[in-house]
Every structure is written in structure tokens, then in C-alpha cells.
Amino acid sequence: HQDDDKQMSSASSTTTSSSPWPLEAILAAGILCLGTATSQIFFQHVSNAAPKYFYSLAVVSPLSGLICYSIIIRVGTVWFSNNNNKAPRTLEVYQSAMPYCIRIGACFAVTNILTDFGKSGGAAGVPDVSTVLSLVLQKLVVPVSLVLESALERHRPTTWEISGVLAVMLGIVSTVQVYHRDTDAERSSLYGMKVFCLLMSSLPLALGFYLVGVARRKLPEVSGIELWAVLCVPEFFFSIFLAFLTQFMKHRHSFVEICTNIWNGMACILVGSQPDGEMDVNCKEAARFFWFGIPFGFALNLAIPVLVNLKGSTSVPLFRALA
């Protein structure tokens with residue numbers, strides 16, 4: 001039975017990647033590109049404005065998603081049941097998605113903490129790793145995702161997939177050569193660690209995208225927005241744990257001090273509250289750019305499970321890279 005499942009999964013993946021593009025997939029790809037480009041620009045400004053609160057940014061992102069998606073699901077469920085005379089979703093439906101969401105949430109939480117630390121600067125408005133280089137390093141998820149999906153699904157990538165990945169990576173290398181302007185004077189002592197974290201962030205992100213595809217195949221009764229709302233729960237708690245861990249490893253603070261730092265960071269990013277005596281952060285600017293980027297972040301997150309379900313997990317990082 002396991003061999004049959006692997007063969008069916010491999011056949012499904014191959015068919016998905018080589019089949020014609022329906023309108024739904026084209027729209028999802030367009031939303032993904034626009035949402036990725038816009039939200040990354042806004043969230044880069046958040047990292048630049050509040051560089052010391054990168055761990056709080058990794059916490060507030062899944063928290064805001066959990067609240068927003070839950071409201072959408074609740075309103076949509078009530079409307080759908082009232083207009084179609086059908087019972088709302090049962091708790092068992094969401095419980096069936098939780099085992100997958102725990103693994104996906106863990107992957108995304110690790111990715112967030114790595115990328116948010118890698119993009120953080122030494123002072124407000126001064127990124128440590130240049131914006132161009134940080135974005136390029138995150139684009140490496142494209143070849144990583146292609147190799148990972150091909151290995152786990154046990155199928156060879158198509159010529160179109162390989163050609164698309166090579167074209168994207170060639171464009172990225174060309175961009176680096178033209179726009180890369182890092183100098184030794186701008187680099188802090190953590191520069192190498194931040195570059196390494198940005199580089200390693202591709203691994204859990206690629207695995208998370210692959211697991212989204214598995215969940216969509218195994219749980220056809222769970223919609224994309226429902227899957228994202230459920231996975232925000234474990235992702236939020238994983239993010240809190242990683243925020244505590246990174247703060248303890250970096251500063252060896254007490255539990256109370258770490259809680260205070262995380263709370264100050266969340267207040268800074270969400271409402272622009274400037275902590276007393278903190279002159280190296282610009283909380284008003286961080287909050288403004290965070291809320292500007294939220295709608296685009298929500299849109300791309302909702303497009304991800306749709307595109308994964310229709311065209312495979314490699315398509316998501318490919319279009320994110322094109323953005």
C-alpha cells in the first residue's frame with residue numbers, strides 16, 4: 001500500500017506540474033507575485049526601522065494571521081450555512097488538519113526567525129545585510145524546493161521546471177552583479193551569521209511548501225484558508241518558543257526580561273509604541289509599514305495553498321522568486 005501511495009503521489013505531482021494552467025492557477029500566481037513583492041518591501045522597512053525586535057516580528061506575523069483568517073472563516077461559515085441550509089464545519093475537520101499544520105507551522109516558524117534575524121540591522125534605517133543580497137539569498141528556495149520535491153516524490157523534474165529555475169537564478173545572479181553594494185564598513189560582527197541564517201532559511205521554507213502540497217492532497221475537504229488558519233496556531237506557539245530561545249542565547253536574560261522585551265517589540269511593531277530610552281528603533285515607522293504590508297501578506301498566503309494544489313510545491317518558490 002505504501003508503494004501504491006508513493007506511485008500515486010508521484011504521478012499526481014508529475015501531472016500537476018505538466019498539465020495546462022487553469023484560470024484559478026493563473027490568478028493565484030499573479031496574486032502570489034504581487035503580494036510577495038509588495039509585502040517583502042514593506043516588511044524589509046519594518047526590519048530596518050526596528051532591527052532589534054526581529055524576534056517580535058516573527059511572533060506578530062502568525063498572530064495577525066490567526067486572528068484575520070479565523071474571522072474570515074467564522075463570517076464565511078455563518079453566511080454559507082444560512083444561505084445554503086448546511087451545517088457549519090465540525091471540529092473534527094480542523095483536528096484532521098492539525099498533524100499536518102504542526103509540521104508546516106514548525107517549518108514556517110523556523111523560516112521566519114531565520115529571515116527576520118538575517119534582515120535585521122544594527123540601527124534603525126541601516127540594514128546589516130543589503131536588501132538586495134538578503135532577497136537574493138531567500139530566492140535560493142527555488143532550486144532547493146525543486147530538488148526536495150523531486151527527491152521526496154521520486155520523480156524527475158520536467159524540462160520546463162528546470163528551465164524556469166535556471167532562468168530565475170540567472171536573473172538573480174545578474175541582479176546581484178548590478179545592484180550589490182555592500183562594503184566592509186557597513187558590516188557588523190554578526191554579518192556572517194546573518195548571511196548564513198538567510199541562506200539556511202530556504203531549507204525549512206521548501207519543506208513547508210512541500211508539506212502544504214501533501215496536506216492539500218490528503219485533506220481535500222479542508223479549504224486553503226482553513227488550512228492556513230489552523231497552521232497559524234502551532235506556528236504562533238513555535239514562534240514564541242523560538243523568540244524566547246534566541247533572546248536567551250543572545251543575552252542570557254531572565255524569563256521576565258525576555259517577556260518584557262518581546263512585549264515591547266510587539267507593541268512597537270503593532271501600535272508604534274516607543275519604549276523608554278530606546279533611540280535605535282523607529283516604532284512609528286515600523287508599525288506603519290507593518291500594517292501596510294499585512295493585506296498583501298494575507299493575499300499571498302491564501303494564494304499559496306491554491307497554487308500548490310493546482311501546480312505543485314515547486315511553483316510557489318518559483319513565482320516568489322520572480323517577484
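Residues numbered from 1 in each chain as written. Predicted model: local features only at pLDDT ≥ 70, side-chain atom pairs only at ≥ 80, totals over all residues. Heavy atoms only, no water.

K.L.:
Whenever I open this one, the overall build of the chain confuses me. Can you help?
P.N.:
Across its full length, the chain holds 13 helices and two strands. For the chain, buried positions account for 48% of its 323 residues. For the chain, long-range pairs separated by at least 24 residues make up 84% of all intrachain contacts whose partners lie at least 6 apart in sequence. Entry remark: accessible area of the chain is about 16,000 Å², with carbon and sulfur atoms responsible for 67%. (Helix = DSSP H or I, 4+ residues; strand = E, 2+ residues; numbered from the N terminus. Buried < 20%, exposed > 50% of the residue type's maximum accessible area, 1.4 Å probe, protein only. Contact = heavy atoms within 4.5 Å. Areas by Shrake-Rupley, 256 points an atom, 1.4 Å probe, with all protein chains shown as cover.)

K.L.:
I tried to follow the side chain of D116 on my own but got confused; where do I start?
P.N.:
Topologically, D116 is positioned in helix 4 (residues 91-119). Among the residues examined, D116 registers a relative accessible area of 7% and is labelled buried.

K.L.:
I keep staring at helix 6 (residues 141-153) and nothing clicks. Help me out?
P.N.:
Spacing of three or four residues puts side chains on the same side of an α-helix, whose turn is 3.6 residues. Taking 1.5 Å as the rise per residue, helix 6 with 13 residues should run 18 Å; its terminal C-alpha atoms sit 17 Å apart, in good agreement. For helix 6, the complete set of buried residues consists of V141, V142, S145, L146, E149, S150 and E153. Viewed end-on, helix 6 has its buried residues packed into an arc of 160°, placing them on one side of the element. Opposite the packed face of helix 6, turned more than 90 degrees from it, sit the exposed residues V147 and A151. Note on helix 6: the residue one or two positions beyond its end, R154, has a positive phi of about 55°. (Expected span 1.5 Å × (residues − 1). Arc of directions from axis to C-beta.)

K.L.:
Please explain the nonpolar core as it appears in this structure.
P.N.:
Nonpolar side chains in soluble globular proteins tend to be buried together. In this structure, L32, V46, F108, W228, F290, I304 and L307 are the most contacted members of the largest nonpolar core, which totals 78 residues. Discounting chain neighbours no more than four positions away, the residues touching I304 are L32, F209, W228 and V316. (Core = buried A, V, L, I, M, F, W, Y, C linked by side-chain atoms within 4.5 Å.)

K.L.:
Please clarify how the confidence of the model for the chain should be interpreted in this entry.
P.N.:
Low pLDDT marks regions whose predicted coordinates should not be analysed in detail. When the pLDDT values of the chain are averaged, the result is 75; 78% of them are 70 or greater. Predicted confidence for residues 1-17 stays below pLDDT 50, and this span has 18 contacts to residues more than four positions away or in other chains. (pLDDT = per-residue confidence, 0-100.)

K.L.:
Please clarify how the environment of C101 should be interpreted in this entry.
P.N.:
By secondary structure assignment, the location of C101 is in helix 4. Expressed as a C-alpha distance, the spacing of C101 and V212, which sit 111 residues apart in the sequence, is 8.3 Å. C101 has contacts with L227, V230, L231 and P234, leaving out every residue within four places of it along the chain.

K.L.:
Quick question: what am I supposed to make of the pattern of salt bridges here?
P.N.:
A side chain of one charge can pair with a side chain of the opposite charge when the charged atoms of the two come close. Counted under the stated rule, the structure contains one salt bridge. A salt bridge links R217 to E153; its shortest N-O distance comes to 2.9 Å. With R217 in helix 9 (residues 202-218) and E153 in helix 6, this residue pair connects regions lying 64 residues apart in the sequence. Accessibility expressed as a relative area gives 4% for E153, which makes it buried. (Salt bridge = Lys/Arg side-chain N within 4 Å of Asp/Glu carboxyl O.)

K.L.:
Got a minute to help me understand empty space enclosed by the protein in this structure?
P.N.:
Rolled over the atoms, a probe with the dimensions of a water molecule shows which regions are left empty. One pass over the full model with this rule turns up two cavities of 30 Å³ or more. There is about 690 Å³ of room inside the largest cavity. Along its surface, the largest cavity is lined by 33 residues, and F43, S61, N112, N301 and R320 are the ones closest to its centre. Going through the elements one at a time, helix 2 (23-49), helix 3 (54-84), helix 4, helix 9, helix 10 (224-251) and helix 12 (283-311) are the ones with two or more residues in the lining of the largest cavity. In terms of residue count, the dominant contributor to the lining of the largest cavity is helix 12 (seven residues). (1 Å grid on protein atoms, 1.4 Å probe; cavity = no way out; pocket = protein on both sides within 12 Å on 5 of 7 lines; lining within 4 Å. Points joined across faces, edges and corners; volume = space filled by probe spheres on them.)

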